[in-house]
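# Architecture at a glance
Letter by letter, the chains look like this.
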Amino acid sequence: MSDQLLVIARQFQDSASHIVPLGNGLINDTFLVTAAAQAFVLQRINTQVFHNPAQIMTNLVTLTQHVAQKSSAEIRLQLPKILSTATNTTLYQDEQGGAWRALSFIADSESLENVRTLDDVRQAGQALGHFHRLLSDLEPGALHDTLPGFHITPGYLQQYRQALTQSTVTPDSYCAGFITQFQHRADDLEAAKDQGLLSLRVIHGDPKLNNFLFDVQSGQITSLIDLDTVKPGLVHYDVGDCVRSCCQNTGTGEFDLERCGALLKGYLSEAGAFFTTHDYRYLYSAIRLIPFELGLRFYTDYLQGNRYFKVTEPEQNLRRAAEQFRLCESIMAQEPAINKLIAGLTPDG
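Residues numbered from 1 in each chain as written. Predicted model: local features only at pLDDT ≥ 70, side-chain atom pairs only at ≥ 80, totals over all residues. Heavy atoms only, no water.

## Some thoughts on the nonpolar core
We count it as follows: Nonpolar cores are built from buried Ala, Val, Leu, Ile, Met, Phe, Trp, Tyr and Cys residues. Side-chain atoms within 4.5 Å join them into one set. Only protein chains enter the calculation, and the probe is 1.4 Å; a residue is then buried if its accessible area is under 20% of its type maximum, exposed if over 50%, and partly exposed in between. Secondary structure elements follow DSSP: runs of H or I no shorter than four residues count as helices, runs of E no shorter than two count as strands, and numbering proceeds from the N terminus. Here, two residues are considered to be in contact whenever any of their heavy atoms come within 4.5 Å of each other.
Counting residues in each nonpolar core, the largest one holds 88 residues, and the members touching the most others are Phe-292 and Tyr-299. When residues of this core are assigned to their parent elements, the largest contribution, 13 residues, is made by helix H10 (residues 283–303). In this structure Tyr-299 touches Tyr-160, Pro-171, Asp-172, Cys-175, Ala-176, Ile-179, Asn-317, Leu-318 and Ala-321, once residues within four positions along its chain are discounted. Grouped together as the second largest cluster of nonpolar side chains are 15 residues, Leu-6, Ile-8, Ala-9 and Ala-102 included.

## Some words on the pattern of salt bridges
Threshold: Salt bridge, as used here: a side-chain nitrogen of Lys or Arg that lies within 4 Å of a carboxyl oxygen of Asp or Glu.
Inspection of every chain in the model, using the stated rule, returns 17 salt bridges. The partner of Lys-310 in a salt bridge is Asp-29, with the nearest N and O atoms 2.9 Å apart. In this pair, Lys-310 is assigned in the loop between H10 and helix H11 (316–333) and Asp-29 in strand E2 (residues 29–34), connecting sequence segments 281 residues apart. Judged by relative accessible area, Asp-29 falls into the partly exposed class, the value being 23%. Across the salt bridge formed by Arg-116 and Glu-110, the nearest N and O atoms sit 3.3 Å from each other. Several salt bridges share partner residues, and in doing so they unite Asp-29, Arg-44 and Lys-310 into one network.

## Things to note about the side chain of Asp-120
Mapped onto the fold, Asp-120 is located in helix H3 (residues 118–134). For Asp-120, a relative accessible area of 2% translates into the label buried.

## Topic: the sheet that holds strand E9 (residues 212–215)
Stated formally: By the convention used here, strands pair only if DSSP detects at least 2 bridges between them. The convention used is that axes are lines fitted to C-alpha atoms, helices contributing only their stretch in contact, and that angles between N-to-C directions extend from 0 to 180 degrees.
Pairing is antiparallel in the open sheet, where 3 strands are placed in the order E7-E9-E10. In the strand order of this sheet, the two ends are held by strand E7 (109–111) and strand E10 (221–224), each with one partner. Between one strand and the next, the sheet's axes are offset by a mean angle of 35 degrees, whatever the strand orientation. Of the pairings in the sheet, the one linking E9 to E10 comprises 3 bridges and is antiparallel in character. Its bridge partner lying in E10, Leu-213 is registered against Ser-223. Across the sheet, H3 lies against E9 and E10, angled at about 120 degrees from E9, the strand it touches most.

## With respect to H11
This is how the line gets drawn: Helix span, expected: 1.5 Å multiplied by one less than the number of residues in the helix.
Along its 18 residues, H11 runs 26 Å from first to last C-alpha, staying within 8% of the 26 Å computed at 1.5 Å per residue. Taken together, the buried residues of H11 touch helix H5 (173–182), helix H7 (235–246), H10 and helix H12 (335–345).

## Quick look at the packing of aromatic side chains
As a reminder, the rule being used: Pairs were defined over the aromatic rings of Phe, Tyr and Trp, the Trp ring being its six-membered one, requiring ring centres within 6.5 Å. Orientation was assigned from the angle between planes: stacked under 30 degrees, edge-to-face over 60, tilted for the rest. Here, a charge over a ring means that NZ of Lys or CZ of Arg falls within 6 Å of the ring centre while also lying within 35 degrees of the ring normal.
Throughout the structure, instances matching the rule amount to 14 aromatic pairs. Each ring, one from Phe-178 and one from Phe-182, has its centre 5.9 Å from the other, and the planes form 10 degrees; the classification is stacked. Within this pair, Phe-178 and its partner Phe-182 are both found in helix H5, separated by 4 residues, close to a single helical turn. Both residues of the pair, Phe-178 and Phe-182, belong to the buried class. For the ring pair Tyr-308 and Phe-309, a centre distance of 4.7 Å and an interplane angle of 70 degrees mean the geometry is edge-to-face. Looking at Phe-309, the relative accessible area reads 8%, which means it is buried. The side chain of Arg-116 reaches across the aromatic face of Phe-214, ending 5.2 Å from its centre. The residue whose ring lies beneath Arg-326 is Tyr-174, and the NZ or CZ to ring-centre distance is 4.8 Å.

## What to know about the packing of H7 against H10
Applied cut-off: What sets the label is the angle itself: under 35 degrees gives roughly parallel, over 145 gives roughly antiparallel, 65 to 115 gives roughly perpendicular, and the rest give oblique. Rotating anticlockwise by less than a right angle from the far helix to the near helix defines a left-handed crossing, while the corresponding clockwise rotation defines a right-handed one.
With their axes 8 Å apart at the nearest point, H7 and H10 run at an angle of 70 degrees to one another. Considering their axes alone, H7 and H10 lie roughly perpendicular with respect to each other. Handedness of the H7/H10 crossing: right-handed. Contacts from His-236, Tyr-237, Val-239, Gly-240, Asp-241, Val-243 and Arg-244 of H7 reach H10 at Leu-283, Ala-286, Ile-287, Leu-289, Ile-290, Pro-291, Glu-293 and Leu-294.

## Let's talk about unusual backbone geometry
The backbone phi angle of Asp-108 is positive, close to 55 degrees, even though this residue is not glycine. Its location among the elements puts Asp-108 in the loop between strand E6 (99–104) and E7. Given the relative accessible area of 56%, Asp-108 is considered exposed. For Asn-306, which is not a glycine, the phi torsion comes out positive at approximately 60 degrees. Topologically, Asn-306 is positioned in the loop between H10 and H11.

Here it is in structure tokens:
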């Protein structure tokens, strides 16, 4: 397989000489390629998830061109650069129909699987807010919706109900019960959007902790990667997902209020420039909703035989779902404290 991968890598850099797996993403297959000119990242886009890889690359071009128009003083995040093939295309299709692309490698950086310090969390929030601020003047309609239905919680609920009627897997009482209890909250953000209270903006789509790159020397965030899910959406989905990823105590599984405060303070130091009264008002709803949404997706995938998320054994998605639902329970148990925290960060709050 390594020889085949090198053949593909050399479509982008003919000096490619060595290739190793990179990261632990659940969707795409990612590799680090050593080449004489520069190391780079090679990815096989999962076409079972992203049905139109060309749209992903078009979005990335639009995104990078928009950011490039900013003054250097405005930009504090280094975004991966797109590498082209020898025939000047951004995608290469292998003999099996696989879609491959290459991006620059952000040198001297590392991603984190777990939070080290409270400042890591503050930085993640600030970097996400900076990303949103850089793109706040980009018309969302200029981007393709690369994942129709992504982060539309009522749609995931409908998929779950359908999977439940078709699955041969025995339902899990805890997960099924939690979904029944929480399902009336599934359309909180979508209803606010339909009412004109929340607006579509450009979102990252998957701003979990390990998609932020930290400089190994300074410990400062230098990049936000994995831009395949950049699309029109509600920034609240990004905020909720970032909080979900960064603010869970990995030892206890509980929601960490102190981390949440640091993250939101960092985020709003940037995003406060464009946030509205309604944006602030729906922050708690986003924080509460996203663990439920992800748990719902994990559990549905478990019922369907693990078609979407990569697993190492059959019940891994079931455990992932239960973990997210327990986090959601912990968030709801701390609702008054979280709302007080948000009120303290709201202008004139």
